[in-house]
Amino acid sequence: MRALELPPRLRLIAGWVPEGAYLADVGTDHGYLPTWLRLQGKIRGAVASDLRPGPLERAKVTGSLYGTDNIEYRLCNGLAGIHPSEVDTVTIAGMGGETILSILKAAPWTADGQHRLLLQPMTKAAALRHWLADNGYTFTDEHLVEDKGRIYPILCVAGGASHPLTEAEALCGVLLAGYSLLKWNAMSEMKYLYLAIGVIWVIYGGVRALVLARRQKQDRE
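Quick caveat: nothing in here was measured; it's all calculated off a predicted structure.

Rules used in this analysis
Residues numbered from 1 in each chain as written. Predicted model: local features only at pLDDT ≥ 70, side-chain atom pairs only at ≥ 80, totals over all residues. Heavy atoms only, no water. Buried < 20%, exposed > 50% of the residue type's maximum accessible area, 1.4 Å probe, protein only. Helix = DSSP H or I, 4+ residues; strand = E, 2+ residues; numbered from the N terminus. Arc of directions from axis to C-beta. Contact = heavy atoms within 4.5 Å. Axes fitted to C-alpha atoms, helices over the stretch in contact; angles between N-to-C directions. Parallel < 35°, antiparallel > 145°, perpendicular 65-115°, else oblique. Left-handed = near helix turned anticlockwise from the far one by under 90°. Nonpolar A, V, L, I, M, F, W, Y, C, P; charged D, E, K, R; others polar. Salt bridge = Lys/Arg side-chain N within 4 Å of Asp/Glu carboxyl O. Pairing = 2+ DSSP bridges. Right-handed = clockwise from strand over helix to strand, strands pointing away. Core = buried A, V, L, I, M, F, W, Y, C linked by side-chain atoms within 4.5 Å.

Looking now at helix H4 (residues 97-105). Inspection of H4 places Gly97, Ile100, Leu101, Ile103 and Leu104 among the buried residues, and these make up the whole buried set. Down the axis of H4, the smallest arc covering the buried residues is 155°, so these residues share one side. Buried residues along H4 sit against strand S1 (21-26), strand S4 (89-95), strand S5 (116-121), helix H5 (125-134) and strand S6 (137-147).

Structure, rendered in structure tokens:
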């Protein structure tokens with residue numbers, strides 16, 4: 001049997017899961033992430049959840065194929081069927097940012113500071129970052145990863161105070177300002193497009209602030 005390999009997005013997330021964690025993998029689909037983590041002995045147990053029966057059955061097949069234990073497969077909407085005391089780490093990957101924030105909104109216990117959240121939005125990352133910052137979450141780490149020719153952000157957050165984000169921070173990332181150039185060089189030319197968009201937003205924010213300052217000065221005069 002071929003060894004289970006994770007795609008780059010899930011591989012990076014797996015690296016951020018703490019040793020000995022109890023994991024909730026929301027939208028588990030084939031169950032690759034919790035299965036791989038159990039095979040590596042990195043987590044003590046997991047709840048693999050999905051909204052639809054089909055993906056959950058595929059996850060069960062994966063677990064059976066690789067003989068993993070201590071993974072419970074649960075049919076539920078987001079985190080609705082998972083109790084806060086069951087897990088200490090939550091992964092939500094491969095969904096749109098607005099879907100992720102709706103899942104977290106329905107589970108306010110995720111902002112209690114006792115849970116690590118590993119989030120990988122496919123779209124609407126800016127909307128997700130804004131919502132997290134405005135609703136009691138703090139950013140502890142953030143990376144970019146290339147997967148099948150596209151670049152995705154991976155966010156590590158937990159409950160805690162944050163500041164309102166600028167549009168540039170929301171679009172380009174809160175903790176990516178010092179991102180390693182070596183890591184950037186390992187990516188495809190799509191990185192330049194992502195960087196260009198960020199630069200444009202930073203310039204836009206600066207110009208907008210300058211215009212507002214001049215208007216306020218004129219109003220005072």
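That shown, we press on.
What follows covers the packing of helix H1 (residues 8-16) against helix H2 (residues 32-39). Contact geometry of H1 with H2 gives a least axis separation of 10 Å together with a crossing angle of 50°. When the axes of H1 and H2 are compared, the pair comes out oblique. The chirality of how H1 crosses H2 is right-handed. Contacts from Leu10, Ile13 and Ala14 in H1 reach Tyr32, Leu33, Trp36 and Leu37 in H2. Along the lines of polarity and charge, the residues of the contact of H1 with H2 split into seven nonpolar, no polar and no charged.

The next thing to look at is the pattern of salt bridges. When the charged atoms of two side chains lie near each other, side chains of opposite charge can form a pair. Tallied over the entire structure, the rule returns seven salt bridges. Here Asp29 and Arg58 are joined by a salt bridge, their closest N and O atoms 3.1 Å apart. Within this pair, whereas Asp29 is found in the loop between S1 and H2, its partner Arg58 is found in helix H3 (residues 53-66), the two being separated by 29 residues in sequence. When its relative accessible area of 35% is taken as the criterion, Arg58 is described as partly exposed.

Moving on, we come to H2. An α-helical turn contains 3.6 residues, so any two residues separated by three or four positions project in the same direction. The complete set of buried residues in H2 reads Leu33, Pro34, Thr35, Leu37 and Arg38. Looking at the buried residues of H2, the elements they touch are H1, S1, strand S2 (43-50), H3, strand S3 (71-75) and S4. Positive backbone phi, at 70°, marks Gly41, one or two positions downstream of H2.

Glancing now at the pairing of S3. Inspection of the sheet shows S2 paired to S3 by five bridges, in the parallel sense. Across the sheet, residue Ala48 finds its bridge partner in S3, namely Tyr73. The β-α-β motif built from S2, the intervening H3 and the parallel element S3 has right-handed crossover chirality.

Attention now goes to the environment of Thr138. With respect to the helices, strands and loops of the structure, Thr138 is situated in strand S6. Separated by 19 residues in the primary sequence, Thr138 and Val157 have C-alpha atoms spaced 5.5 Å apart. Leaving out residues up to four positions away in the same chain, Thr138 has contacts with Cys156, Val157, Ala158, Gly159, Gly160, Ala161 and Ser162.

What follows deals with the pairing of S2. Most of S2 is tucked away: seven of the eight residues are buried. Here S1 runs beside S2; their pairing, made up of six bridges, is parallel. Bridging from a neighbouring strand, Tyr22 pairs with Gly45 of S2. Handedness of the crossover joining S1 and S2 through H2: right-handed.

This part is about the nonpolar core. Formed by 28 residues in total, the largest nonpolar core has its most connected members in Leu79, Val90, Ile92, Leu104, Leu119 and Leu132. Once residues within four sequence positions are removed from consideration, Leu119 is found in contact with Ile92, Ile100, Leu104, Leu128, Leu132, Pro153, Ile154, Leu155 and Val157. Among the nonpolar cores identified, the runner-up in size contains 21 residues, and Ile13, Leu33, Val145 and Cys156 belong to it.

You will see that Asp29, though not glycine, has its phi angle at about 55°, which is positive. Given a relative accessible area of 30%, Asp29 falls into the partly exposed group. Positive phi outside glycine occurs at Asn70, with the angle close to 60°. Tracing the sequence through the fold places Asn70 in the loop between H3 and S3. Relative accessible area serves as the criterion here: at 47%, Asn70 is assigned to the partly exposed category.

Ordered in space as S3-S2-S1-S4-S5-S7-S6, the seven strands form an open sheet in which the pairing is mixed. With partners counted over all chains shown, the strands left at the sheet margins are S3 and S6, one partner each. Neighbour-to-neighbour, the strand axes of this sheet turn through a mean angle of 15°, independent of strand direction. Here S6 pairs with strand S7 (residues 150-159) via 10 bridges, running antiparallel. Across the sheet, residue Phe139 finds its bridge partner in S7, namely Val157. Of the strands in this sheet, S1, S4, S5 and S6 are in contact with H4, which crosses S4 at around 150°.

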